[in-house]
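Fold and geometry: a report
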Amino acid sequence: MTMKITAATRALTALAQETRLGIVRLLVKVGPDGLVAGQIALRLKLAPATSSFHLSQLTQAGLIKPSREGRSIRYSPVLATIGELLAFLEENLSGGPTEKSAPKPAAKSAPKAAPKDTPKAAAKKKKAGRKSR
C-alpha cells in the first residue's frame, strides 16, 4: 500500500520534533510490545504532562498505537505506518522526479566557445593596437 502525501506530511510533521522523534526511536528499539506511558517518560526523562502531549501527537499521526493495560496505557510503534513512511521517502526522494512527472527539458543549443587566438591572430591584434596610437 502506498502512503498518501497527506499521511506522509502528518507523520513527518510529528517526527520533526526532538522529543517525539526520541519516543518513536525508543518504541521501535523496544519492539512491537512497546512500553507503558510511565516507562517512556522515565526513560526519556520527561514530565508526565510533556510525555502525554507528545504521545497524543504521535498517536494522531498514526505512528504509535495506545492500548489500555489496567490503569496504564501501553504505546506500541505502528511498524506498518513507519515502513510505509520510509517507502514513501525512498520512492519520492531517492531519484528525483519520475519520468512521468519530470519536466521536459527545453531544446537549447550549447553555447559556442569563443575562438582561441592563434599566434598569427595575436600578432595581428598587437600590430593593429600599435597603429591606432
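Residues numbered from 1 in each chain as written. Predicted model: local features only at pLDDT ≥ 70, side-chain atom pairs only at ≥ 80, totals over all residues. Heavy atoms only, no water.

Moving on, we get to the overall build of the protein chain. Helix and strand content of the protein chain: six helices and three strands. Listing each helix as α and each strand as β along the protein chain from the N terminus yields α-α-β-α-α-β-β-α-α. Counting every position in the protein chain, which comprises 133 residues, the buried fraction comes to 24%. Taking as baseline every contact in the protein chain between residues at least 6 positions apart, the subset at least 24 positions apart corresponds to 57%. On the protein chain, roughly 10,300 Å² of surface is accessible, and the fraction owed to carbon and sulfur atoms is 58%. (Helix = DSSP H or I, 4+ residues; strand = E, 2+ residues; numbered from the N terminus. Buried < 20%, exposed > 50% of the residue type's maximum accessible area, 1.4 Å probe, protein only. Contact = heavy atoms within 4.5 Å. Areas by Shrake-Rupley, 256 points an atom, 1.4 Å probe, with all protein chains shown as cover.)

The strand order β1-β3-β2 describes an open sheet built from three strands, whose pairing is antiparallel. Each edge of the open sheet carries a strand with a single partner, namely β1 (35-36) and β2 (64-69). Sheet topology places β2 next to strand β3 (residues 72-77); six bridges connect them, and they run antiparallel. Paired with Lys65 across the strands is Ser76, a residue of β3. (Pairing = 2+ DSSP bridges.)

What follows concerns the side chain of Ser76. With respect to the helices and strands, Ser76 occurs in strand β3. A polar contact of 3.5 Å, which involves the side chain of Ser76, links it to the backbone oxygen of Asp33. Contacts of Ser76, omitting those with residues within four sequence positions, involve Pro32, Asp33, Gly34, Leu63, Ile64 and Lys65. (Polar contact = N/O pair within 3.5 Å; in protein donor to acceptor, adjacent residues only side chain to side chain.)

All right, on to the confidence of the model for the protein chain then. The predicted model of the protein chain averages 84 in pLDDT, with 70% of residues at 70 or higher. Ranking the elements of the protein chain by mean pLDDT puts helix α6 (residues 119-131) last with 61 and helix α2 (residues 18-30) first with 98. (pLDDT = per-residue confidence, 0-100.)

Here we come to the pattern of salt bridges. Taken as a whole, this structure holds one salt bridge when the rule is applied. Across the pair Arg74 and Glu69 runs a salt bridge, and its minimum N-O distance is 2.6 Å. (Salt bridge = Lys/Arg side-chain N within 4 Å of Asp/Glu carboxyl O.)

Moving on: helix α4 (residues 48-60). With 13 residues, α4 should cover 18 Å at 1.5 Å per step; its first-to-last C-alpha distance of 18 Å lies within 8% of that length. Ser51, His54, Leu55 and Leu58 are the residues of α4 that are buried. Each buried residue of α4 sits inside an arc of 105 degrees when the element is viewed along its axis, so together they form one side. Exposed and oriented more than 90 degrees from the buried face of α4 are Ala49 and Gln60. Taken together, the buried residues of α4 touch α1 (5-15), α2, α3 (37-44), β2 and β3. Looking one or two residues beyond α4, the residue adopting positive phi is Gly62, at roughly 80 degrees. (Expected span 1.5 Å × (residues − 1). Arc of directions from axis to C-beta.)

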